[in-house]
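In case you want the letters, here they are:
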Amino acid sequence: MKFTQDELTGIEQQLSNPEGEFGVEIAKNMNESNIQMTIDSIKSLNLLESDTLLEIGHGNCGHLEKIYNETNDIQYFGLEISETMKYEAERINQKLMQNNSINFSLYDGIKIPFPDIYFDKIFTVNTIYFWVKPLDFISEIYRVLKINGILILTFAQKDFMKNLPFVKSKFSLYDNHDLSLLIKKTEFKIIEIENMTDKIKSKSGELVERIYSVVKIKKL
């Protein structure tokens, strides 16, 4: 299936900030195509009872049940820049929200609206491409994380992403070296980088191999 330049620009915009009916559809597709990356990220968190967990850029959060399958007794907070995604996340997870400590909030993509040293663990999947000021934002994550807290940062590698037709000026692409250089400018320490692959369907319907990294980072 061929897309026009305008359609590709529209897809790129929706991936960075899904809105309206098209945004709902894009988010559904993103949740499905990113599910293995999300599952690997959740496993790497090693969630414990009573953990306070923040997810940055949860999309429609169709994966929330998988978090509560790991442990029931956690406090989950989700942050999104998209009102559509906040609404969808609350709609999809109505039942879970009745019985668990779950909170979805909107933010501006720059300042994290929580106090210092608040979260035990933070994770984010496929959002780093859209950080406007990466060093400032990683410092915000550092601020709200407790001492010895863990950040799981998961992203698809630059070599894979650069070949996607909708990846244009809104995306900043990373490989492990780029990410390591960013983290070295902070007080964080990279504990582990797991390089992984999965198979996803391209827009033309073929299965392609995606290379991605699940990076475990610690606040010392």
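Each remark here, short or long, concerns the structure printed above.
First, a word on what this report is: a plain description of the structure on this page. (Residues numbered from 1 in each chain as written. Predicted model: local features only at pLDDT ≥ 70, side-chain atom pairs only at ≥ 80, totals over all residues. Heavy atoms only, no water.)

1. Section: the overall build of the chain
- For the chain, the helix and strand inventory stands at 9 helices and 7 strands.
- The proportion of buried residues among the 220 residues of the chain is 49%.
- Across the chain, the fraction of contacts at a sequence separation of at least 24, relative to all contacts at a separation of at least 6, is 71%. (Helix = DSSP H or I, 4+ residues; strand = E, 2+ residues; numbered from the N terminus. Buried < 20%, exposed > 50% of the residue type's maximum accessible area, 1.4 Å probe, protein only. Contact = heavy atoms within 4.5 Å.)

2. Some details on the sheet that holds strand β5 (residues 145-156)
- Pairing within the open sheet is mixed, and its 7 strands lie in the order β3-β2-β1-β4-β5-β7-β6. Two strands bound the open sheet, and with one partner strand each, they are β3 (101-106) and β6 (188-201). The average angle at which neighbouring strand axes cross in this sheet is 15°, direction not considered.
- In this structure, strand β1 (residues 52-56) lies alongside strand β4 (residues 119-125), joined through 3 bridges in parallel fashion. (Pairing = 2+ DSSP bridges. Axes fitted to C-alpha atoms, helices over the stretch in contact; angles between N-to-C directions.)

3. A word on the environment of isoleucine 122
- Looking at the element boundaries, isoleucine 122 is found in strand β4.
- On the basis of relative accessible area, isoleucine 122 is assigned to the buried category, the value being 0%.
- With residues up to four places along the chain from it excluded, the contact list for isoleucine 122 reads Leu45, Leu53, Leu54, Ile56, Ile141, Val144, Leu145, Ile150, Leu151 and Ile152.

4. Section: the side chain of aspartate 198
- One can find aspartate 198 in strand β6.
- Excluding anything up to four places from it in sequence, aspartate 198 contacts Ser33, Gln36, Met37, Val208, Glu209, Arg210 and Tyr212.

5. Some points on helix α9 (residues 176-184)
- Along α9, the residues that are buried comprise Asn176, Leu179, Leu182 and Ile183. Taken down its axis, α9 places every buried residue within 120° of arc, on the same side. Among the exposed residues of α9, those pointing more than 90 degrees away from its buried face are His177 and Lys184.
- Elements that come into contact with the buried residues of α9 comprise α7 (134-144), β5, β6 and β7 (207-219).
- With a side-chain oxygen positioned 3.1 Å from the backbone nitrogen of histidine 177, the residue opening α9 is aspartate 175. (Arc of directions from axis to C-beta. Polar contact = N/O pair within 3.5 Å; in protein donor to acceptor, adjacent residues only side chain to side chain.)

6. Focus: the side chain of aspartate 40
- Along the chain, aspartate 40 falls in helix α3 (residues 35-45).
- If we skip the residues at most four places from it in the chain, aspartate 40 touches Met196, Tyr212 and Val214.

7. Considerations on the environment of glutamate 80
- Here glutamate 80 is to be found in strand β2 (residues 75-80).
- Sequence separation of glutamate 80 and tyrosine 107 is 27 residues, and the distance between their C-alpha atoms is 6.1 Å.
- In contact with glutamate 80, not counting residues within four places along its chain, are Gly57, His58, Gly59, Met85, Ser105, Leu106 and Tyr107.

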